[in-house]
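Each chain, written out:
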Amino acid sequence: MNIETKIKLFLVDDDKVFLKSMEIEFLQHADFDIETYPTGEQCVKNLSNKPDVIILDYNLDGIEHGVMNGIETLDKIKSYDADIAVVMLSSQDKIDVAINCMHHRAFDYVVKSETAFTRLQKIITTIFSYRKMEKELNWYMNRM
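No experiment lies behind these values; they were computed from the predicted model shown. Throughout this description, residue numbers start from 1 for each chain and increase along the sequence as written. Side-chain atom pairs in this predicted model are given and counted only at pLDDT of 80 or more, local residue features only at pLDDT of at least 70, and totals for whole chains, interfaces and linings cover all residues. Each side-chain value is derived from all of the structure's non-hydrogen atoms; neither hydrogens nor water enter the calculation.

### Observations concerning the overall build of the protein chain
Here comes step 1: Helical segments are the DSSP runs of H or I of at least four residues, strand segments are the runs of E of at least two, and each set is numbered from the N terminus. The number of helices and strands found in the protein chain is five helices and five strands.
Here comes step 2: Of the regular secondary structure in the protein chain, the N- to C-terminal order runs β-α-β-α-β-α-β-α-β-α.
Here comes step 3: A compact globule built from 144 residues should have a C-alpha radius of gyration of about 15 Å, and the protein chain, at 15 Å, falls within 12% of that.
Here comes step 4: Viewed in the frame of its principal axes, the protein chain has a C-alpha envelope of about 55 × 30 × 30 Å.
Here comes step 5: For every residue, the accessible area (1.4 Å probe, protein chains only) is compared with the maximum for its type, and the residue is labelled buried under 20%, exposed over 50%, or partly exposed between those bounds. For the protein chain, with 144 residues in total, the buried portion stands at 40%.
Here comes step 6: Long-range contacts, defined as pairs at least 24 residues apart, comprise 61% of the intrachain contacts of the protein chain with a sequence gap of at least 6.
Here comes step 7: Per-residue accessibility takes into account occlusion by the displayed protein chains alone, with areas from the Shrake-Rupley method and a 1.4 Å probe. When the accessible surface of the protein chain is summed, it comes to about 8700 Å², and 53% of that surface belongs to carbon and sulfur atoms.
Here comes step 8: Only four residue types enter the charge count: Lys and Arg as positive, Asp and Glu as negative, with His and the chain ends excluded. All charge positions are set by atom: Lys at NZ, Arg at CZ, Asp at CG, Glu at CD. A gap of 5 Å separates the mean positions of the 17 positive and 24 negative side-chain charges of the protein chain. The atom set for the radius of gyration is the C-alpha atoms, and the globule formula is 2.2 Å times the number of residues raised to the power 0.38. Any two residues whose heavy atoms approach within 4.5 Å at even a single point are treated as in contact.

### Looking at helix 5 (residues 116-141)
In an α-helix there are 3.6 residues to a turn, and that puts residues three or four apart on one side.
Here comes step 1: By this rule the span expected of a helix is its residue count minus one, scaled by 1.5 Å. Over its 26 residues, helix 5 extends 37 Å from the first C-alpha to the last, a length consistent with the 38 Å expected when each residue adds 1.5 Å.
Here comes step 2: Within helix 5, burial applies to Ala116, Phe117, Leu120, Ile123, Ile124, Ile127 and Phe128.
Here comes step 3: Looking at the buried side of helix 5, the elements it contacts are strand 1 (8-12), helix 1 (16-29), strand 3 (53-57), strand 4 (85-90) and strand 5 (108-111).

### Remarks on the packing of helix 1 against helix 5
Here comes step 1: Interaxial distance between helix 1 and helix 5 falls to 11 Å at its minimum, and their mutual angle equals 55°. In terms of orientation, helix 1 lies oblique with respect to helix 5. For the pair helix 1 and helix 5, the sense of crossing is right-handed. Note on element contacts: helix 5 touches helix 1 through Phe117, Leu120, Gln121 and Ile124, opposite Met22, Glu25, Phe26 and His29.
Here comes step 2: All residues other than Ala, Val, Leu, Ile, Met, Phe, Trp, Tyr, Cys, Pro, Asp, Glu, Lys and Arg, Gly among them, are scored as polar; the first ten of these are nonpolar and the last four charged. In terms of residue class, the contact of helix 1 with helix 5 is made up of five nonpolar, two polar and one charged. Inter-axis angles, ranging from 0 to 180 degrees, are taken between N-to-C directions of lines fitted to C-alpha atoms, where helices are fitted over the stretch in contact. To sort the angles, those under 35 degrees are grouped as roughly parallel, those over 145 as roughly antiparallel, those from 65 to 115 as roughly perpendicular, and the leftovers as oblique. Handedness of a crossing follows from how the near helix is turned relative to the far one, being left-handed for an anticlockwise turn of less than a right angle and right-handed for a clockwise one.

What follows is the structure, encoded as structure tokens:
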């Protein structure tokens, strides 16, 4: 990934106000290319836009019932491209919810709170540090 490339971020949450405030926060703090979706179905339909990171709400049934929840959406994202980093976001701070997300290959789990945005920024930085290290390691391994 070269320097000029913006990080493509998908934000997926059925709470319109929270979704908009999260988008504004990210745009104020960094130069992201952001797409927002109110449902998992819409997110999955647009995976060909190649997101680097997806921040995904755990519960996605606030607007309409019978839609995919966060875990189902996460599974579909991972079957489409296992390398897309997905951070789950939830208002629940139950450990079993977090563990379930990690079993489904989420990169991390963040509880919606006043510190959520700061945590998300740190996680995105971590994701790109890992990717940079991975690329460098692969580069060296391919030369051995």
